[in-house]
Structures are given as structure tokens and as C-alpha cells.
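Here are the chains, one letter per residue:
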Amino acid sequence: MTGAAVVLALEDGSVFRGRSFGAPGEAFGEAVFNTSMCGYQEVLTDPSYRKQIVTMTAPHQGNYGVNSEDGESERVQVAGFAVREASPRASSWRARSTLSEYLGDAGVVGIEGIDTRALTLRLRTRGAMRAAVSTEDLDGVSLAERVRAEPGMEGADLAASVSTKRPFAAADVVGGARRMEGPTLRVAAYDFGIKRNILRILAANGCETTVFPATTPAAEVLSGGYDGLFLSNGPGDPAVTTYGVTAVRASLGRIPIFGICLGHQLLGLALGGTTYKLRFGHRGVNQPVQDRETGRVAITSHNHGFAVAPDSWDQRSAGAAAPVVGTDFGDVALTHWNLNDGTLEGLRCLEVPAFGVQYHPEAAPGPHDAGGLFPAFRRLMEANR
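All of the points below concern the structure found in this document. Here the structure is a predicted model, which is why all the values come from computation and not from measurement.

The rules behind the values
Position numbers for residues start from 1 in each chain and track the written sequence from start to end. Only residues with pLDDT of 70 or above have their local features reported here, since the model is predicted, and side-chain atom pairs are shown and tallied only from 80 upward, although totals for entire chains, interfaces and linings are computed over all residues. The side-chain numbers reported here are obtained from all heavy atoms of the structure, hydrogens and water having been left aside. Each residue gets one of three labels from its accessible area relative to the maximum for its type: buried under 20%, exposed over 50%, partly exposed in between, using a 1.4 Å probe on protein chains only. Numbered from the N terminus, helices here are DSSP runs of H or I no shorter than four residues, and strands are runs of E no shorter than two. It is the directions from the helix axis to the C-beta atoms that the arc portrays. Only heavy atoms matter for contacts: two residues are in contact if any of them lie within 4.5 Å across the pair. Only buried residues count toward a nonpolar core, which is a set of Ala, Val, Leu, Ile, Met, Phe, Trp, Tyr and Cys residues joined through side-chain atoms within 4.5 Å. Pairing of aromatic rings covers Phe, Tyr and the six-membered ring of Trp, with a centre-to-centre limit of 6.5 Å; geometry is then stacked below 30 degrees between planes, edge-to-face above 60, and tilted otherwise. Strand pairing is assigned whenever DSSP detects at least two bridges linking the two strands. Handedness of a crossover: with both strands directed away from the viewer, a clockwise path from the first strand across the helix to the second marks it as right-handed.

## Here's the deal with helix H3 (residues 116-126)
- By the burial criterion, the buried members of H3 are Thr 116, Leu 119, Thr 120 and Leu 123. One side of H3 holds all its buried residues, which, seen down the axis, span an arc of 100°. Exposed residues pointing more than 90 degrees away from the buried face of H3 are listed as Arg 117, Leu 121 and Thr 125.
- Against the buried residues of H3 lie strand E1 (5-10), strand E2 (15-22), strand E3 (26-34), strand E4 (52-56), strand E9 (129-134) and strand E15 (275-291).

Below you can see the structure in the form of C-alpha cells.
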């Protein structure tokens, strides 16, 4: 369905009218924006976008189509997709279909022809909002009223809904070729919404990974004799992902841990911290993050709407280097900080083998500045083997 009338309505009453592409119908979710200039297929299939209507700030999307290799999960995960212009043709030797065909096959509603700059500025000013996109209810007032009756992202437990239902070997999904010298390390990964490129990079770092459902008890994982535990990205409010917090808390000090995105937030909560919702979140591939321990700045890929509060704990020391705070599991260094807005982006336990970062070092899409965190995880496992 291309060219039919479609409406996007926000909870504050803002209405954007455009042309439909993808599937007919309607969807409700949280309206957010992503500043990436490419990588739309990875965005669409990232489980962290579950229940979100994603606006791309770059004006042209779909130019190179979609293919069978770049998906970060087995399906389109977004609730809806908003762009300034969707290319009707796919110009790439890798393309298997157009963006519109891809969304149509997935049953996902798309809207094009709207002022995505105005929509983005609205979300930056007012914050991420509940929203709907519909080809059925074209009355903006009616649709906005229905949006306000929907639940928000705070208090939403979504990780279990995108997680695998049974354990599986990562090699069955992304292949198992190992490209690093040295012994194979066995990793258990909690799937809170794991991206496939994470599994590829773990394999490239000599890790044989088994992926477990989000609600798997820690005792089941710890009994498997794994060398390390990986905590994946995922959607929803970390504070209500209590099964994940419980599992991480039971695992701290017993196995080396590496968490990213939601996994980082769950690690922070397990250490006794708190999380909060950001006004409009970080979604894109251009966020500058500084490692306070080295002074190095990396341009990083992000997709999150919550963050760990750095004032959750009593501070032991401050200064130019990473602040150190006290937790139930010993001292923790608050290592990484966002240079745009000062949010906490990473932490490292000093007395148990565990660390986490808020951003995406697997970078799909995104820059590869932070790729060294996977070798760091391998070194941590080797040191505690």
C-alpha cells in the first residue's frame, strides 16, 4: 500500500499527515527519532525498538533496499516507521526488496512525506511521546485521544517478549567460524533482545556462545561451566525487568560479566543503583563518549531511552579520572561519560569481574571506535579462567 493517506498523532495533540508505504493498518507506540544516515534495516530489526515508532532524521531512506544478511533479528521489530521520503526503488546489488515491500511483508505501517525535522524538534522539546500511525483513523483529534489512553514506556516490561523461548547455540544463527588465535571461550548470553552482530563479534573473538531466554534462572546458567556471562541490549524499562536484575545479582562475583545497553542498566540495578527515563533518549551513531580512565573519546552507536543514575551510590573519590562509588559488591568505577549531556555511559567493578557500557560496541549500524570492548571481555574471562 503506497500513497494512501496516513496520519501520525502524538499524545500532545500534534498531527502529521503523509503518504502511506509498507502495510495498511495502525500501530501504537512511543515516538522516537534516530539520527543515523544509513542502517535503516538494522534499525528496523533491532529488538530494542519494540513498541516504538521510529523517525529517521536523514531525509532519504530505502535507497539501497533491504537484503537477507543485515537484519539484527528474524523480523521487523518497530511498531511504525516515519521518514521524509522513502525510495520507491532499491539501488544495490545486495538488495532483495524495497523498503516499502519489506515493511509490507512484515505488516508494519510506514509514513512518508511529513516534515521529519518538525517532528524531531517536537520530540526534542517535549520528549519522547506516546504516538500512533494509522491509515484507518484519519481524524487527528480522535487518534490523539486514543494515543493518550495507551500505556507509556515507563513501567513496560518488554524484554521477555522479544527474547528467545529456548536456549540455542549462536553458531546456528550466525555461523561459528573463529578468527582469533587462542583457546575457545564459552559464553552464556542472556537474550533481552540480542542483536545478531553481537553474536558475530563474540565469535570473531573466539567465543562459543549459548543464548538463553531472558527469564532463565541464574543457577541454570551458572551450572553450565561457562567462562563468561554476556548481558544483551533490549527494550523496555530496566527497573521492571526484575528477573534480569535478580539473575545478574546472583551472578556477580561468580563469573565474569559484560553488559551493553539494557544489560548495562541491569548491571547497574544489580549493584544497587537506580535508573531513570531520558527526555528523548540517545538513538543514532554519533554520540561522543569519554573513557575517564584513559581520556580517550569514542564516537559511538546508541539506542536507549533509560540511563543509570550516577548519584545512585555514595561516591568514594572524584577528580579527573573515573569517579569511584561504593556498592554491595565493592567499589565500582564510573568509567564512561556522554560528552553531549553528561549521562553515565559505562562502569567497571573493581572487586568482582564485571563491566558494562550503555552504548553499542557491536555498532550495527555505527562506527567501530568501541570495538575493543569485546577483546577486553575476552581478557577478563582469560584472567578469571
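So, next bit.
## Let's talk about the nonpolar core
- Counting residues in each nonpolar core, the largest one holds 37 residues, and the members touching the most others are Phe 192, Leu 252 and Leu 271.
- Contributing elements (two or more residues each) for this core: strand E11 (185-191), helix H8 (218-222), strand E13 (228-231), helix H9 (242-251), helix H10 (262-270), strand E19 (330-338) and strand E20 (344-349).
- For Leu 252, the contacting residues outside a window of four places in its chain are Ile 257, Leu 267, Ala 270, Leu 271, Phe 329, Val 352 and Ala 354.
- Within the second largest apolar cluster, 23 residues are counted, among which are Leu 185, Val 187, Ile 201 and Met 381.

## Examining the packing of aromatic side chains
- Applying the stated rule across the entire model yields eight aromatic pairs.
- Centre to centre, the rings of Tyr 40 and Tyr 64 are 4.5 Å apart; their planes meet at 25°, and the pair counts as stacked. Remark: Tyr 64 occurs in the loop between strand E5 (60-61) and strand E6 (80-82) and Tyr 40 occurs in helix H1 (residues 40-44); sequence separation between them is 24 residues.
- Residue class for Tyr 64 comes out partly exposed when judged on its relative accessible area of 30%.

## Digging into the pairing of E13
- Burial along E13 is two-sided: the face carrying Gly 228 and Phe 230 and the face carrying Leu 229 and Leu 231 are both buried.
- Here four bridges tie E11 to E13, and the two strands are oriented parallel to one another. Within the sheet, the bridge partner assigned to Tyr 190 lies in E13 and is Leu 231.
- The pairing of E13 with strand E14 (residues 257-260) spans three bridges and is classified as parallel. By the bridge assignment, Phe 230 is partnered in E14 with Phe 258.
- Handedness of the crossover joining E13 and E14 through H9: right-handed.

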